Amino acid sequence: MTHTQAPCPPLVLVFAASDPSSGAGIQADLLTLASLGCHPLTALTAVTIQDTVGVQSIQALAAETVEQQARTILEDMPVAAFKIGVLGSVENVLAVAEIVSDYPDIPLILDPVLASGRGDDLSGEEIISAMREMLLPQTTLITPNAPEARRLAESDEDDNEPSIDVCAQRLIEMGAQYVLITGTHENTPQVVNTLYGPDGVIRRDQWERLPGSYHGSGCTLASAITGCIAGGASIEDAVRDAQDYTWQTLKNGFRAGMGQFIPDRFFWARHDDDDNPDGKADEPK
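This structure is a prediction, so every number in the text was calculated from the model and none was measured.

In this section: the overall build of the protein. Helix and strand content of the protein: eight helices and nine strands. By its C-alpha atoms, the protein is 65 × 45 × 40 Å across when sized along the principal axes. Across the 285 residues that make up the protein, the buried fraction comes to 49%. Pairs at least 24 residues apart make up 66% of the contacts formed inside the protein by residues separated by at least 6 positions. Accessible surface, the protein as shown: approximately 13500 Å² in total, 49% of it carbon and sulfur. Separation between the mean location of the 17 positive side-chain charges and that of the 42 negative ones in the protein comes to 6 Å.

What follows is the structure, given as structure tokens:
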């Protein structure tokens, strides 16, 4: 009998920290990418002690260890996209920036996780400065929420809090090709997510604001976008489809612990076809 080799799914290399609750971090990336048909590869950057309530501590891995993980994988497999989450140290930012600079044709999606959902600081000012200088110029798409966008784009000349439009323009001037600013933290009736390109707003989507808070929603969205891009989608199509998928994971989220809800990245595997025949969320307004 002749063995027919199955086609290789899109390979995505993730640089991120571990979250033992699997709500966020590299575990959330793995679940999301696998759910969308990709094969995730990992370069672990840090180990955290956290649960659905908050982060107790974070311990960055040595930059050499991060680099060896990534280089070994990249020499063996053809990666279709990079996804970057928490890096844990300035040294790791510099190491990852050097690695991805050797692969300028591979799309890079940067999720600048600066704090946990509770507000625990995950990236200090030195790390943020290194990200601005070393990673943003190599970034295809950055996916901050509004507070992250303002922190990344803040200027000493600001008298007042800059608008998200101004923040996006500044991030693009720093080198990012595209910016998706999410409105989960804004005081609006609906969640408004806005995708910006070099010429301004590309699309602005409004989603029903669901009750409760979710552990790892940003990780899910960024990874979903990465997975769609790895599969061949354009930036705009990837952002649209990833928002749709992410909203559905939140709508079907579950409360496993005493804190935030966890998005169900495999919601489609736990629903009867009759309940949700197309597996899609409602269209954005």
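Pairing is mixed across the open sheet formed by nine strands, whose spatial order is β3-β2-β1-β4-β5-β6-β7-β8-β9. One side of each edge strand has no neighbouring strand; the edge strands of this open sheet are β3 (55–60) and β9 (200–208). As defined by bridge partners, strand β8 (residues 190–197) adjoins β9 across eight bridges and the pair is classed as antiparallel. Looking across to β9, one finds that Q190 is bridged to E208. Seen against the sheet, helix α8 (residues 235–251) touches β6 (141–142), β7 (178–181), β8 and β9 and runs at an angle of roughly 15° to β9.

It is worth spelling out the packing of aromatic side chains at this point. Here the structure, examined in full by the defined rule, presents six aromatic pairs. Judged by centre distance (6.3 Å) and plane angle (75°), the rings of F82 and Y103 are edge-to-face. You can see F82 sitting in strand β4 (residues 81–84) and its partner Y103 sitting in the loop between α3 (90–101) and β5 (108–110), a full 21 residues away along the chain. The interplanar angle of 40° and the centroid separation of 5.8 Å between the aromatic rings of Y214 and F261 together place this pair among those described as tilted. Taken together, the residues span a long stretch of sequence, with Y214 in the loop between β9 and α7 (217–230) and F261 in the segment after α8 at a distance of 47 residues.

For helix α6 (residues 164–173), every residue scored as buried is listed here: C167, A168, L171 and I172. Each buried residue of α6 lies within a common arc of 135° when the element is viewed along its axis, so the set occupies one face. Looking at the packing, one finds that the buried side of α6 touches α5 (146–153), β7 and β8. Within two residues after α6, G175 carries a phi angle of roughly 130°, on the positive side.

What follows concerns the pattern of salt bridges. For the coordinates displayed, the defined rule picks out 12 salt bridges. E186 is paired through a salt bridge with R150; the nearest N and O atoms lie 3.3 Å apart. In this pair, E186 sits in the loop between β7 and β8 while R150 sits in helix α5, placing the two residues 36 residues apart along the sequence. Three or more residues joined by partner-sharing salt bridges are found here, namely E67, R71 and D102.

Before going further, it helps to spend a moment on the pairing of β4. Residue alternation in β4 divides its side chains into two sets, A81 and K83 and F82 and I84, and both sets are buried. Strand direction decides the pairing type here: strand β1 (residues 11–18) and β4, joined by four bridges, are parallel. Across the sheet, the residue bridging to L13 is F82, located in β4.

What follows concerns the side chain of K83. Within the secondary structure, K83 sits in strand β4. Polar contacts involving the side chain of K83 include one to the side chain of D29, which spans 3.0 Å. If near-sequence neighbours (up to four positions away) are discounted, K83 is found in contact with V12, L13, V14, F15, D29, I109, D111, C219, A222, S223 and T226.

Conventions adopted
- Residues numbered from 1 in each chain as written.
- Predicted model: local features only at pLDDT ≥ 70, side-chain atom pairs only at ≥ 80, totals over all residues.
- Heavy atoms only, no water.
- Helix = DSSP H or I, 4+ residues; strand = E, 2+ residues; numbered from the N terminus.
- Buried < 20%, exposed > 50% of the residue type's maximum accessible area, 1.4 Å probe, protein only.
- Contact = heavy atoms within 4.5 Å.
- Areas by Shrake-Rupley, 256 points an atom, 1.4 Å probe, with all protein chains shown as cover.
- Lys, Arg positive; Asp, Glu negative; His and termini not counted.
- Charge placed at Lys NZ, Arg CZ, Asp CG, Glu CD.
- Pairing = 2+ DSSP bridges.
- Axes fitted to C-alpha atoms, helices over the stretch in contact; angles between N-to-C directions.
- Phe/Tyr/Trp six-rings, centres within 6.5 Å; stacked < 30°, edge-to-face > 60°.
- Arc of directions from axis to C-beta.
- Salt bridge = Lys/Arg side-chain N within 4 Å of Asp/Glu carboxyl O.
- Polar contact = N/O pair within 3.5 Å; in protein donor to acceptor, adjacent residues only side chain to side chain.

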